[in-house]
Amino acid sequence: MPTNGLHQVLKIQFGLVNDADRYLTAESFGFKVNASAPSLKRKQTWVLEPDPGQGAAVLLRSNHLGRYLSAQEDGRVACEAERPGRDCRFLVLPQPDGRWALQSEPHGRFFGGTEDRLSCFATAISPAELWTVHLAIHPQAHLLSVSRRRYVHLCPQEDEMTADSDTPWGVGALVTLIFQNRQYCLQACDGRYLRSDGRLVGGPEPHARYTLGVKAGRLAFKDRDGRYLAPGGPAGTLRAGRSTRPGKDELFDLEESHPQVVLVAANHRYVSVRQGVNVSANQDEELHHETFLMQIDQETKKCTFYSSTGGYWTLVTHGGIHATATQVSANTMFEVEWRGRRVALKASNGRYVCMKKNGQLAATSDFVGEDEQFILKLINRPILVLRGLDGFICHRRGSNQLDTNRSVYEIFHLSFSDGAYQIRGTDRSAWGAGQRSAGRGWGGGLGGGPPPTPARPQAAAAGSGTPAATAACAATASAPRTSSSSSASAAAWPSARGAASTCAEAPPGCCARTRTRRPGSRSGSTERAARPSSH
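Fair warning: this is a prediction, and the values are worked out from it, not measured in the lab. (Residues numbered from 1 in each chain as written. Predicted model: local features only at pLDDT ≥ 70, side-chain atom pairs only at ≥ 80, totals over all residues. Heavy atoms only, no water.)

Asker: Please clarify how the nonpolar core should be interpreted in this entry.
Answerer: Grouped burial of nonpolar side chains is what soluble globular proteins tend to show. In terms of nonpolar packing, the biggest core is built from 61 residues, with Phe-14, Trp-46, Phe-111, Leu-186 and Phe-221 touching the most fellow members. Those residues in contact with Phe-111, other than ones at most four positions away along the chain, are Leu-24, Leu-69, Val-77, Phe-90, Leu-102, Leu-118, Ser-119, Cys-120, Glu-129 and Trp-131. (Core = buried A, V, L, I, M, F, W, Y, C linked by side-chain atoms within 4.5 Å. Buried < 20%, exposed > 50% of the residue type's maximum accessible area, 1.4 Å probe, protein only. Contact = heavy atoms within 4.5 Å.)

Asker: Honestly, unusual backbone geometry in this entry has me stumped. Any pointers?
Answerer: Glycine aside, a negative phi is what most residues show, and trans is what most peptide bonds show. Phi angles above zero are rare outside glycine, and His-268 is one such case at about 65°. By secondary structure assignment, the location of His-268 is in the loop between β25 (260-264) and β26 (270-272). Exposure remark for His-268: the relative accessible area of 69% places this residue in the exposed category. In the Ramachandran plot, Lys-301 falls in the positive-phi region, its phi being about 65° despite a non-glycine side chain. By the element assignment, Lys-301 lies in the loop between β28 (292-296) and β29 (303-307). (Helix = DSSP H or I, 4+ residues; strand = E, 2+ residues; numbered from the N terminus.)

Asker: Would you take a moment to explain the pattern of salt bridges for this structure?
Answerer: Here the idea is simple: oppositely charged side chains can pair when their charged atoms come close. Scanning all chains against the criterion turns up 25 salt bridges. Glu-286 is paired through a salt bridge with Lys-377; the nearest N and O atoms lie 3.5 Å apart. Within this pair, whereas Glu-286 is found in the loop between β27 (280-283) and β28, its partner Lys-377 is found in strand β36 (residues 375-378), the two being separated by 91 residues in sequence. Judged by its relative accessible area of 30%, Glu-286 falls in the partly exposed class. Of the residues examined, Lys-377 reaches a relative accessible area of 25% and is grouped as partly exposed. Where Arg-339 meets Glu-337, a salt bridge forms, and the shortest distance between an N and an O atom there is 2.9 Å. Three or more residues are tied together by salt bridges with common partners; here these are Glu-115, Asp-116 and Arg-117. (Salt bridge = Lys/Arg side-chain N within 4 Å of Asp/Glu carboxyl O.)

Asker: Teacher, can you tell me more about the environment of Cys-120 here?
Answerer: The residue Cys-120 is located in strand β11 (residues 117-122) in this model. Each C-alpha atom of the pair Cys-120 and Gly-108 lies 9.1 Å from the other, and the pair is 12 residues apart in sequence.

Asker: Explain the side chain of Glu-129 to me, please; I cannot follow it from the model alone.
Answerer: Along the chain, Glu-129 turns up in the loop between β11 and β12 (130-135). Despite its burial, Glu-129 remains without a salt bridge, the nearest opposite charge being carried by Arg-99 at 9.9 Å. Reaching out from Glu-129, the side chain makes a polar contact with the side chain of Ser-126 at a distance of 2.3 Å. Each residue touching Glu-129, except ones within four places of it in the same chain, is listed here: Trp-100, Ala-101, Leu-102, Phe-110, Phe-111, Gly-112, Ala-122 and Ala-124. (Lys, Arg positive; Asp, Glu negative; His and termini not counted. Polar contact = N/O pair within 3.5 Å; in protein donor to acceptor, adjacent residues only side chain to side chain.)

Asker: In this structure, what is going on with the pairing of strand β15 (residues 160-165)? I would like to understand it.
Answerer: For a regular strand, side chains alternate in direction, first toward one face of the sheet and then toward the other. Within β15, 5 of the 6 residues are buried, leaving the element largely enclosed by the surrounding structure. Relative to β15, strand β14 (residues 150-155) runs antiparallel, the two being bridged by 5 bridges. Its bridge partner being in β15, Leu-154 is matched across the sheet by Met-161. Counted between consecutive antiparallel strands, the loop separating β14 from β15 contains 4 residues, among which Asp-159 sits at a positive phi close to 60°. (Pairing = 2+ DSSP bridges.)

Asker: Hey, could you run me through the packing of aromatic side chains in this one?
Answerer: Both the distance between ring centres and the angle between the ring planes are used here to describe each pair of aromatic rings. Summed over the entire model, instances satisfying the criterion amount to 14 aromatic pairs. Between Phe-416 and Tyr-421, the ring centres sit 5.0 Å apart and the planes meet at 65°, which makes this aromatic pair edge-to-face. Residue classification places Phe-416 among the partly exposed positions, given a relative accessible area of 30%. A residue is classified by how much of its surface remains accessible, and Tyr-421, at 1% relative accessible area, is buried. Taken together through their ring pairs, the aromatic side chains of Phe-292, Phe-305, Trp-313 and Phe-334 make up a single cluster. Stacked on the ring of Phe-121, the Lys or Arg Arg-109 has its end atom at 4.4 Å from the ring centre. (Phe/Tyr/Trp six-rings, centres within 6.5 Å; stacked < 30°, edge-to-face > 60°. Lys NZ or Arg CZ within 6 Å of the ring centre and 35° of its normal.)

Asker: Any chance you could explain the environment of Leu-118 here in plain terms?
Answerer: Residue placement: Leu-118 occurs in strand β11. With a relative accessible area of 11%, Leu-118 lands in the buried category. For the pair Leu-118 and Asn-34, spaced 84 residues apart in sequence, the C-alpha to C-alpha distance is 6.3 Å.

Quick look at the structure:
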């Protein structure tokens, strides 16, 4: 079941890229290390741990081997220490261009090299001893100020980003980390970038790029003038302060960003908890009380819905649905069935959630009719980064296809229309599905149902349709999953493999006529909540 802790701090995992654009790799054979890999996979993923002695040194643990990088006095390096010792301690020295130099604390030498000729014996820093930090976590998350214990969100009234929110609710709390020229940018939900003076700008200009620092498992962002981002003033406006060293005010936690949704019932009103504990379809506007955080259990594929008032939807006596549960249990889990562009929710008593005449929701129906169907709208992914089981999804250069095993990510744009979605690339072309022999897609939006012919589709999705959108956007909060396969249909179903994808110019009204079903399902079968990749 999903964890009760909704505010899950992401463990900082990353890859280290040398001057030759090759990743530091930990091999199982002989516990050797090299810098030969061209992309970021599991063997190239590392975790930075603080020194148990509370000093300035850090430890580098291989996510693949679970062992620690060590450097001996003669410069030999390996990744074989099961427990951190004296030779495992390194100092991280950030450079002005955003790269790191790693210095052995006990021996004072610098770590670097190329391919399988790595050592920690250099007495000075040269390009061979510089490493670029490439985060291996999903780049869309919530940013929490460590000192203020408040979340960063877009404040459109003041045209700035502020750290003054108690909860990361709504689309404004979404922050995307953009890797640009060996540095990182902070992108707000409206696509603008945070500049060091606190202003939001349209592109990743030099003053909107930051060197990434890691201290005690938390992030710090240093601008080109050597100053760190920090919340300032009563509103907590995010801008570069005076500090040139990261203290508590300059540190941030990254927290997992779960999908947040609104539901519209058959009476065309929003499902809400505005009037108390009862979950009712009785509101005409879409605000915090109408927004629910949706978590998908990877084993049962059932979902929980968490309200802004601090309670999970739960089944109560006589089939009523209340937003009062503080713990995840069987009664808080709902099975999501996709019915074209609508969804039906089945509670733990085996009955469907329906809207009663007074608007209240209750799990009392044995069959699905109009009152048992809802429009489910994802609200906190206007910009979208997708990852399947094998890696991130990116547009293939010189082609209209999509690769799903990339170590770098690409930003897509998501639009919604009557229960269906459309995914567009940076060039505004929409995703479409079609035959391998056809050069163009057969649509640009998603609902439920099979493609026109049983042949393998050329695109996994033609938008981010109802089942696919939930799966894809749940996968955006997932940890890296690695494989060596070339391309797959993970755009819509992150677990599916083997189908190539295409970007085609969307015909008018494509959202209204395109539907996609889960690969491998039988025609006419009920669609359920999509499987996200594991975190």
